[in-house]
Amino acid sequence: MTSGTSVTSREWQLIARPHGAPRPGDFALREAAPPALRDGQVLVRNLYLSVDPYMRRRMDDVPSYVPPFQLDQPMEGGAVGIVMESAADSLAAGDYVQHMLGWREYAVLDAENATPVDRALAPVSAYLGALGVTGLTAYAGLLRTAALKSGDVVFVSGAAGAVGSQVGQMATLMGASRVIGSAGADDKVALLRAYGFSDAFNYRDAPVVDQLRRAAPEGIDVYFDNVGGEHLEAALDLLNPHGRVVLCGMIAQYNDVEPAAAPRNLILAINKRIRLQGLLARDHTDLRPRFLSEVGGWIRDGKLRYQETIADGIESAPQAFLDMLAGGNTGKMLVRLPG
Ligand code: NAP
């Protein structure tokens, strides 16, 4: 809109870099007028914002695979919304899109950075979770990084979260013989059993290695790591020869100010010829059409379930993020804005 937009928007900015766990005072909600539309751009009203663990790393001024958030600048993240105005041929007002200018009410962006979403397949919020990056992370991690084989025994940590809950169910659908999950609350463990996990435990009840040994007396072939630390150490103990570890995330360490103490047994990777490989979902966007077709089909047929924990209103975004880091979510943590 070379004509300026009349909307006013609010956006979250990081105003202080956290030391350890972030605090609400590290964020400020500020008003900002979206810029005028240029040719090829769209104005999107956001409907759902994603808050994700990787955002904690972006709050530190350290090199990573995504640049740090800049202080006193709008934060970014996944979002889905509706196109309000379009100066692009490829999108029209009323289209629903997924994009990366979250943490704000309205976004102006190049249409090429907005991906249309199919509301016939699932509600739009699913494109930030089960049919979005977290779902693709689970799918690509099992298919490619773990090279999952029929009959494998799989252990996944963070198993009641957005990625983990999909990993466990997908592993079964892809041919795993047993799937074990760990989570930090009894109601989450009950949900994993309802999702069809072969076994599940609360990692707060007893040492992870003891609980994992009980759940997998025959050992494990694949460990999908969302947590790091004690979980990774336990998995290394229980992995069978030629086991594979998908290094997806290490959320137990994201607020650490000192290097982690575990794992202390990495030497086992030599003895057992274990392969540990890092996973970045963004390396696997070529899988998206196959992922949407196969996983969308599983969801439509009721074979794959997902859950969302929803906080309402732009004001709730930082607290939703803090709650997610502390385990307050089951499935994907989202912030819903007025429709
Ligand atoms: P999520 O699992 O939905 O939410 C985070 C969960 O982490 C919390 O609900 C909490 O569940 C658990 N947690 C927090 N602190 C913990 C601790 N000290 N020990 C054990 N569990 C802890 O988040 P997500 O989006 O699905 O992400 C899961 C992991 O995948 C994260 O490590 C994230 O960085 C990673 N990830 C990686 C990629 C990639 O491309 N590599 C993409 C997406 C996500 P409990 O109640 O069970 O403790």
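Residues numbered from 1 in each chain as written. Predicted model: local features only at pLDDT ≥ 70, side-chain atom pairs only at ≥ 80, totals over all residues. Heavy atoms only, no water.

A. Quick peek at the overall build of the chain. In terms of helices and strands, the chain carries 9 helices and 15 strands. Taken over C-alpha atoms, the radius of gyration comes to 20 Å for the chain, in line with the 20 Å a tight globule of 339 residues would show. Considered along the principal axes of its C-alpha atoms, the chain spans approximately 65 × 45 × 35 Å. Looking at the chain residue by residue over its 339 residues, the buried ones come to 54%. In the chain, of all internal contacts separated by at least 6 residues, the share reaching a separation of at least 24 is 68%. In the chain, 32 positive and 38 negative side-chain charges are present, and the distance between their average locations comes to 5 Å. (Helix = DSSP H or I, 4+ residues; strand = E, 2+ residues; numbered from the N terminus. Rg over C-alpha atoms; globule rule 2.2 N^0.38 Å. Buried < 20%, exposed > 50% of the residue type's maximum accessible area, 1.4 Å probe, protein only. Contact = heavy atoms within 4.5 Å. Lys, Arg positive; Asp, Glu negative; His and termini not counted. Charge placed at Lys NZ, Arg CZ, Asp CG, Glu CD.)

B. Examining the environment of G219 more closely. Note on placement: G219 falls in the loop between α5 (208-215) and β11 (220-225). Sequence spacing of G219 and N240 is 21 residues, and the spatial spacing of their C-alpha atoms is 5.7 Å. What G219 contacts, discounting residues up to four positions off in sequence, is V153, L238 and N240.

C. Structural detail: the nonpolar core. Within the largest apolar cluster, 48 residues are counted, with the highest numbers of intra-cluster contacts made by L131, M170, F224 and V295. With near-sequence residues (within four places) excluded, M170 lies in contact with G135, A138, Y139, L142, F291, V295, W298 and L304. Counting 21 residues, the second-largest nonpolar core is a separate cluster that includes M55, M75, I314 and M333. (Core = buried A, V, L, I, M, F, W, Y, C linked by side-chain atoms within 4.5 Å.)

D. Just the site of the ligand, in detail. The full set close to the ligand counts 27 residues, and K188, Y203, Y254, L279 and N329 are the nearest of them. Residue K188 places a side-chain N or O atom 2.6 Å away from an oxygen atom belonging to the ligand. Contacts to the ligand include Y254, whose side-chain N or O atom sits 2.7 Å from an oxygen atom. Look at the ligand: alone it shows 910 Å² of surface, and the protein chains cover 89% of it. Sorting the residues of the shell around the ligand by element identifies α2 (133-145), α3 (162-173) and α9 (317-325) as the ones contributing at least two each. (Near = heavy atom within 4 Å. Polar contact = N/O pair within 3.5 Å; in protein donor to acceptor, adjacent residues only side chain to side chain. Areas by Shrake-Rupley, 256 points an atom, 1.4 Å probe, with all protein chains shown as cover.)

E. A look at the pattern of salt bridges. Under the criterion given, the structure shown has 14 salt bridges. R144 is paired through a salt bridge with D286; the nearest N and O atoms lie 2.7 Å apart. In this pair, R144 is assigned in helix α2 and D286 in the loop between β13 (275-278) and α8 (288-300), connecting sequence segments 142 residues apart. Overall, the relative accessible area of 51% leaves D286 in the exposed class. (Salt bridge = Lys/Arg side-chain N within 4 Å of Asp/Glu carboxyl O.)

F. Spotlight on the side chain of K332. Positionally, K332 belongs in strand β15 (residues 332-336). Judged by its relative accessible area of 5%, K332 is buried. Here the side chain of K332 touches D52 through a polar contact of 3.3 Å, side chain to side chain.

G. Representation of α2 within the structure. Relative to the 18 Å expected for 13 residues at 1.5 Å per residue, α2 spans just 16 Å between its end C-alpha atoms, considerably shorter than the ideal helical length. Counting buried residues in α2 gives 10 out of 13 residues, a clear majority hidden from the surface. Buried within α2 we find T134, G135, L136, T137, A138, Y139, A140, G141, L142 and T145. Check the buried side of α2 and you find it contacts α3, β11, β12 (239-247), β13, α8 and β15. The first or second residue beyond α2 is A147, which carries a positive phi of 45 degrees. (Expected span 1.5 Å × (residues − 1).)

H. Spatial organisation of the packing of α5 against helix α6 (residues 229-238). Two elements in contact, α5 and α6, have axes whose closest approach is 9 Å; the angle formed by their N-to-C orientations is 40 degrees. Comparing the axis directions of α5 and α6 gives the class oblique. For the crossing formed where α5 meets α6, the hand is right-handed. The segment α5 lies against α6, with V208, V209, L212 and R213 engaging E230, H231, A234, A235, D237 and L238. Looking at the contact of α5 with α6, its residues break down into 6 nonpolar, 1 polar and 3 charged. (Axes fitted to C-alpha atoms, helices over the stretch in contact; angles between N-to-C directions. Parallel < 35°, antiparallel > 145°, perpendicular 65-115°, else oblique. Left-handed = near helix turned anticlockwise from the far one by under 90°. Nonpolar A, V, L, I, M, F, W, Y, C, P; charged D, E, K, R; others polar.)

I. How the structure looks around the environment of G184. By the secondary structure assignment, G184 is in the loop between β9 (178-183) and α4 (186-194). Taking the C-alpha atoms as reference points, G184 and A159, separated by 25 residues in sequence, lie 9.1 Å from one another. Among residues more than four places away in sequence, those in contact with G184 are N202, Y203 and R204.

J. Inspection of the sheet that holds strand β8 (residues 153-156) at higher detail. With parallel pairing, the 6 strands of this open sheet are ordered in space as β10-β9-β8-β11-β12-β13. What marks the edges here is a single partner per strand, and that holds for β10 (199-202) and β13. Across the sheet, the mean angle from the axis of one strand to that of its neighbour is 15 degrees, orientation sign disregarded. Relative to β12, β11 runs parallel, the two being bridged by 5 bridges. Within the sheet, the bridge partner assigned to D225 lies in β12 and is L247. Each of β11, β12 and β13 touches α2; the most contacted strand, β11, lies at about 145 degrees to it. Sitting on the sheet, α5 is in contact with β8, β9, β10 and β11, with an inclination near 165 degrees to β10. (Pairing = 2+ DSSP bridges.)

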